[in-house]
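Single-letter residue listing:
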Amino acid sequence: TPPSRPNRIRVFLLGGQSNADGRAAPSGLPTSPVNLQQAQEDVDFYVGSTLAPLQPGAEFGPEITLGRGLADGLGSGDGSRIAIIRYAVGGTDLKSDWKAGGDASTSSDGSRYVTFQQTVNNGLAALADAYPGITIEIDGMVWVQGEKDARNLDHAEYQTNLSNFIADVRLTYGAGLPFVVVRLSSGQTNLPAVGLDGVRAAQTAVVAADPQTRLIDSDGFGLKSDNLHFDAHGQQQIGSASAGALASFFPFP
């Protein structure tokens, strides 16, 4: 049972394109030892304009096992509560849709990044309403994106664009914010090979240069037959791996 009044709310952000939004069927989620097809009452999820206990919608993404893993790893011991705020849109690129303007304002940001920031603000406000007087902090972000840039062969710019995006997120939400990059899978062969290889190399290089980031190697994670979208098992693998990566930034209670 969740604490009736947690000590603080630890917020984690989830952004990107379709594999962050999730294209997996909830019937593929386990029902034991925890029934992940039902609401997880000890984790909050803000998506669209609704704050509710974490549960799958018509489809699900990394958030289900991300929230479960974070709550089990970070939430229970110190009386804090985990919340996830997600904004992701299929078929969006980092080059323009999620373009970082380079400062803490939204003035030169891409349209999807602007909406992401508005969604985060709305989610934080909803949490403040739900938990009056309790400290709310953003503790990390998970990024699941790159397919569109690979498809458009914008891979040569992806390393710079991703570095700039992470820097902008940290200007907006806190210096040194832990950031997890879920690398495109070698199995996503629906994408042109040169673009896929280029984005994967860029993601690897960005993380290698930044000690406050972690790379999730999704090679071998479950994919649908379209060789583009992660299936129910793959989405659970992404969420669990991302939770573990984020937890590595924090001493366990």
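Bringing the nonpolar core into the picture now. Judged by nonpolar contacts, the single largest core of 39 residues is most densely connected at Leu13, Phe116, Met141, Trp143 and Phe165. Looking at this core, the elements that each hand over two or more residues are β1 (8-16), β4 (80-88), α3 (111-130), β5 (135-144), α5 (155-173), β6 (179-182) and α6 (193-208). Tallying contributions element by element places α5 first for this core, with six residues.

Once that is clear, we can look at the sheet that holds strand β7 (residues 213-216). Spatial ordering of the open sheet is given by β3-β2-β4-β1-β5-β6-β7, a layout of seven strands whose pairing is mixed. Only two strands of the sheet have a single neighbouring strand rather than two, namely β3 (50-54) and β7. Strand-to-strand twist of the sheet, defined as the mean angle between neighbouring strand axes without regard to direction, takes the value 25 degrees. Relative to β3, strand β2 (residues 40-47) runs antiparallel, the two sharing five bridges. Paired with tyrosine 46 across the strands is leucine 51, a residue of β3. Across the sheet, α3 lies against β1, β2, β3, β4 and β5, angled at about 150 degrees from β4, the strand it touches most.

This paragraph deals with the side chain of asparagine 161. Topologically, asparagine 161 is positioned in helix α5. Owing to a relative accessible area of 19%, asparagine 161 belongs among the buried residues under this scheme. If we ignore the near neighbours within four places in the chain, the residues touching asparagine 161 are Leu94 and Lys95.

Our next topic: the packing of α3 against α5. Running from amino to carboxyl end, α3 crosses α5 at an angle of 30 degrees, the nearest separation of the two axes being 13 Å. Taken as axis vectors, α3 and α5 run roughly parallel relative to one another. Judged by the sense of rotation from one axis to the other, the crossing of α3 with α5 is right-handed. Between α3 and α5, the contacting residues are Tyr113, Phe116, Gln117 and Val120 on the first element and Phe165, Asp168, Val169, Thr172 and Tyr173 on the second. Here the contact of α3 with α5 is built from residues that sort into six nonpolar, two polar and one charged.

Close approach of charged atoms lets side chains of opposite charge pair. Per the stated rule, a full pass over the model turns up 14 salt bridges. Residue arginine 10 pairs with aspartate 139 through a salt bridge whose shortest N-O separation is 2.7 Å. With arginine 10 in strand β1 and aspartate 139 in strand β5, the pair connects residues that are 129 residues apart, well separated along the chain. A single burial state applies to arginine 10 and to aspartate 139, both of which are buried.

Once that is clear, we can look at the packing of aromatic side chains. Tallied over the full model, the rule gives nine aromatic pairs. Centre to centre, the rings of phenylalanine 165 and phenylalanine 179 are 6.3 Å apart; their planes meet at 80 degrees, and the pair counts as edge-to-face. Remark: phenylalanine 179 occurs in strand β6 and phenylalanine 165 occurs in helix α5; sequence separation between them is 14 residues. Aromatic rings pair up to connect Tyr87, Trp98, Tyr113, Phe116, Trp143, Phe165, Tyr173 and Phe179 into one cluster.

With that out of the way, let us pick up the side chain of glutamine 17. Mapping glutamine 17 onto the fold places it in the loop between β1 and α1 (18-21). On the accessibility criterion, glutamine 17 (3% relative accessible area) is buried. Looking at glutamine 17, its side chain comes within polar contact range of the main-chain nitrogen of glutamate 147, at 3.0 Å. Non-local contacts of glutamine 17, meaning those with residues more than four positions away in its chain, are made with Ala88, Val89, Gly90, Gly91, Thr92, Val144, Gln145, Gly146, Glu147 and Lys148.

We now examine unusual backbone geometry. Serine 32 connects to proline 33 through a cis peptide bond whose omega is 0 degrees. Positionally, proline 33 belongs in the loop between α1 and β2. Backbone geometry places leucine 153, a non-glycine residue, at a positive phi of 60 degrees. Relative to the helices and strands, leucine 153 resides in the loop between α4 (147-151) and α5. Non-glycine residue asparagine 227 carries a positive phi angle of around 55 degrees. Checked against the element boundaries, asparagine 227 lands in the loop between β7 and α7 (232-247). What makes asparagine 227 partly exposed here is its relative accessible area of 32%.

Thresholds, definitions, all that
Residues numbered from 1 in each chain as written. Predicted model: local features only at pLDDT ≥ 70, side-chain atom pairs only at ≥ 80, totals over all residues. Heavy atoms only, no water. Core = buried A, V, L, I, M, F, W, Y, C linked by side-chain atoms within 4.5 Å. Buried < 20%, exposed > 50% of the residue type's maximum accessible area, 1.4 Å probe, protein only. Helix = DSSP H or I, 4+ residues; strand = E, 2+ residues; numbered from the N terminus. Pairing = 2+ DSSP bridges. Axes fitted to C-alpha atoms, helices over the stretch in contact; angles between N-to-C directions. Contact = heavy atoms within 4.5 Å. Parallel < 35°, antiparallel > 145°, perpendicular 65-115°, else oblique. Left-handed = near helix turned anticlockwise from the far one by under 90°. Nonpolar A, V, L, I, M, F, W, Y, C, P; charged D, E, K, R; others polar. Salt bridge = Lys/Arg side-chain N within 4 Å of Asp/Glu carboxyl O. Phe/Tyr/Trp six-rings, centres within 6.5 Å; stacked < 30°, edge-to-face > 60°. Polar contact = N/O pair within 3.5 Å; in protein donor to acceptor, adjacent residues only side chain to side chain.

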